[in-house]
Amino acid sequence: MPKKSDSLNEINFYDDENHFYEDFWKTRKYEHFSEVLAINKLLKNKHFETAMDFGGGYGRLSDILLKFSDQVILVDPSKKQLDIAKKKFKENQRIEYVLLDKKDYIPSQDNSLDLLVMVRVSHHIIDPRKLFKDIYRALKPGGYIIVEVASNAHFLNRMKLLTKLKTPSKDPVRVGSVANGIKDTTPFVNHNPSTIIKQLQESGFQYHNKLSVSNFRSSYLKNRFNTEKLVKLENMSQKSLSYLNFGPSIFILLKKI
Ligand SMILES: C[S@@+](CC[C@H](N)C(=O)[O-])C[C@H]1O[C@@H](n2cnc3c(N)ncnc32)[C@H](O)[C@@H]1O
């Protein structure tokens, strides 16, 4: 039995009957397609037996993972999100659903997964080091992990900090608080991508690639250019801008050696 402090049962921001995570994406087509592009690029020419969409929510990205794998395990602590996914994918036999009830834990045997993807999940984990070690345990040697980081070191933030002669924190930065309706049981943090890469390497992973994603996420640009144009621009810039950690979201690919 997990200890109470390890339980994920209280993480129910995504279970809240008044919170509709799917609706968040209705006005974020550009960001969605940018993330799909990044996954397609990172996984190009790869095929896996078993992939896990960890913290996969209602499976927004699970069908992309199905293109690269025989089986997708969609894991999430929110029953509401998993129920939406089950309806969305109906009888698809290639998707398995697992309700996560323990923190920092991968519900799989040692050396059993070929790929684990966590997009927009590290945003909810203040210290992911224990989780990274468990991912390492669950992946097969040669298996891959993609971690998306909501970055506190993106270009605009760096410029803002520079005006105060500061640099981005290496530590996680809380965004949102109990005071503005965010429950403390579902924390929101931005991470420094360099710190996350270091933590993953300390867990035994070998760094392979990274992409800078949603580089043109700005209402000014979105009002002037249609999604298709912005996605084209995004496609051309994800790799080159990654050297600058430019965008608000950094996708990192690493391998268990
Ligand atoms: C922003 S949503 C992202 C869902 C999906 N990956 C996507 O990109 O659309 C965050 C998801 O992470 C799950 N989550 C929150 N805390 C978690 C934790 N500590 N471990 C695993 N999943 C978590 C939530 O239930 C939610 O479905």
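What you are looking at is a predicted structure, and each value in this text was computed from that prediction instead of being measured.

(A) A look at the sheet that holds strand β3 (residues 95-99). The seven strands lie next to each other as β3-β2-β1-β4-β5-β9-β8, forming an open sheet whose pairing is mixed. With partners counted over all chains shown, the strands left at the sheet margins are β3 and β8 (205-213), one partner each. Across the sheet, the mean angle separating the axes of adjacent strands is 15° when strand polarity is ignored. Judged from the three bridges that link them, strand β1 (residues 48-54) and strand β4 (residues 113-118) form a sheet pairing that is parallel. Among the inter-strand pairings, Asp53 is bridged to a residue of β4, identified as Val117. Packed onto the sheet, helix α5 (residues 129-138) meets β1, β4, β5 (139-150), β8 and β9 (249-256) and runs at close to 150° relative to β5.

(B) Inspection of the site of the ligand at higher detail. For the ligand, the set of nearby residues contains 19 residues, the closest of which are Tyr21, Gly55, Arg60, Asp76 and Val119. At a separation of 2.6 Å, an oxygen atom of the ligand approaches a polar side-chain atom of Asp76. Interatomic distance of 2.8 Å between a backbone N/O atom of Val119 and a nitrogen atom of the ligand. With the chains in place, 97% of the 590 Å² that the ligand exposes on its own is no longer accessible. Here the shell around the ligand is built from residues that sort into eleven nonpolar, five polar and three charged.

(C) Main features of the environment of Ala153. Within the element layout of this structure, Ala153 appears in the loop between β5 and α6 (155-162). As a C-alpha pair, Ala153 and His123 span 30 residues in sequence and 14 Å in three-dimensional space. Excluding residues within four positions of it along the chain, Ala153 makes contact with Arg158, Pro168, Asn192, Pro193 and Asn245.

(D) Structural detail: the packing of aromatic side chains. Taken as a whole and judged by the stated rule, the model has ten aromatic pairs. Measuring from centroid to centroid gives 5.6 Å for Phe13 and Phe188, while their planes differ by 85°, and the two rings are edge-to-face. Linking Phe13 in the segment before α1 (21-24) with Phe188 in the loop between β6 (173-174) and β7 (189-190), this pair joins segments that are 175 residues apart in sequence. Of the two residues examined, Phe13 and Phe188, each falls in the buried class. Through pairs of rings, three or more aromatic residues link up here, namely Phe13, Tyr14, Tyr21, Phe24, Trp25, Tyr58 and Phe188. Sitting over the ring of Tyr144, Lys46 keeps its end group 5.0 Å from the ring centre. For Lys256, the ring lying beneath its charged end belongs to Tyr136, and the centroid distance is 4.6 Å.

(E) Unusual backbone geometry, seen in detail. Positive phi, normally seen in glycine, also occurs at Asn111, with a value near 50°. Its place among the elements puts Asn111 in the loop between β3 and β4. Here the phi dihedral of Leu165 falls at roughly 55°; this positive angle occurs in a residue that is not glycine. As for its position among the elements, Leu165 is in the loop between α6 and β6.

(F) Region of the structure containing the pairing of β9. Among the eight residues in β9, seven count as buried, and that is most of the element. The sheet contact formed by β8 and β9 spans eight bridges and is antiparallel. If you follow Lys210 over to β9, its bridge partner there is Ile252.

(G) The side chain of Ser212, seen in detail. In this fold, Ser212 is placed in strand β8. For Ser212, a relative accessible area of 0% translates into the label buried. Engagement of the side chain of Ser212 in a polar contact is seen with the side chain of Asn215, the distance being 2.4 Å. When sequence neighbours within four positions are dropped, the list of residues in contact with Ser212 reads Glu234, Gln238, Leu241, Ser242, Phe246, Gly247, Ser249 and Ile250.

(H) Here's a closer look at the side chain of Asn190. Note on placement: Asn190 falls in strand β7. On the accessibility criterion, Asn190 (17% relative accessible area) is buried. Those residues in contact with Asn190, other than ones at most four positions away along the chain, are His123, Ala150, Ser151, Asn152, Asp171, Pro172, Val173 and Val175.

About the cut-offs
- Residues numbered from 1 in each chain as written.
- Predicted model: local features only at pLDDT ≥ 70, side-chain atom pairs only at ≥ 80, totals over all residues.
- Heavy atoms only, no water.
- Pairing = 2+ DSSP bridges.
- Helix = DSSP H or I, 4+ residues; strand = E, 2+ residues; numbered from the N terminus.
- Axes fitted to C-alpha atoms, helices over the stretch in contact; angles between N-to-C directions.
- Contact = heavy atoms within 4.5 Å.
- Near = heavy atom within 4 Å.
- Polar contact = N/O pair within 3.5 Å; in protein donor to acceptor, adjacent residues only side chain to side chain.
- Areas by Shrake-Rupley, 256 points an atom, 1.4 Å probe, with all protein chains shown as cover.
- Nonpolar A, V, L, I, M, F, W, Y, C, P; charged D, E, K, R; others polar.
- Phe/Tyr/Trp six-rings, centres within 6.5 Å; stacked < 30°, edge-to-face > 60°.
- Buried < 20%, exposed > 50% of the residue type's maximum accessible area, 1.4 Å probe, protein only.
- Lys NZ or Arg CZ within 6 Å of the ring centre and 35° of its normal.

By themselves these figures say nothing about function.
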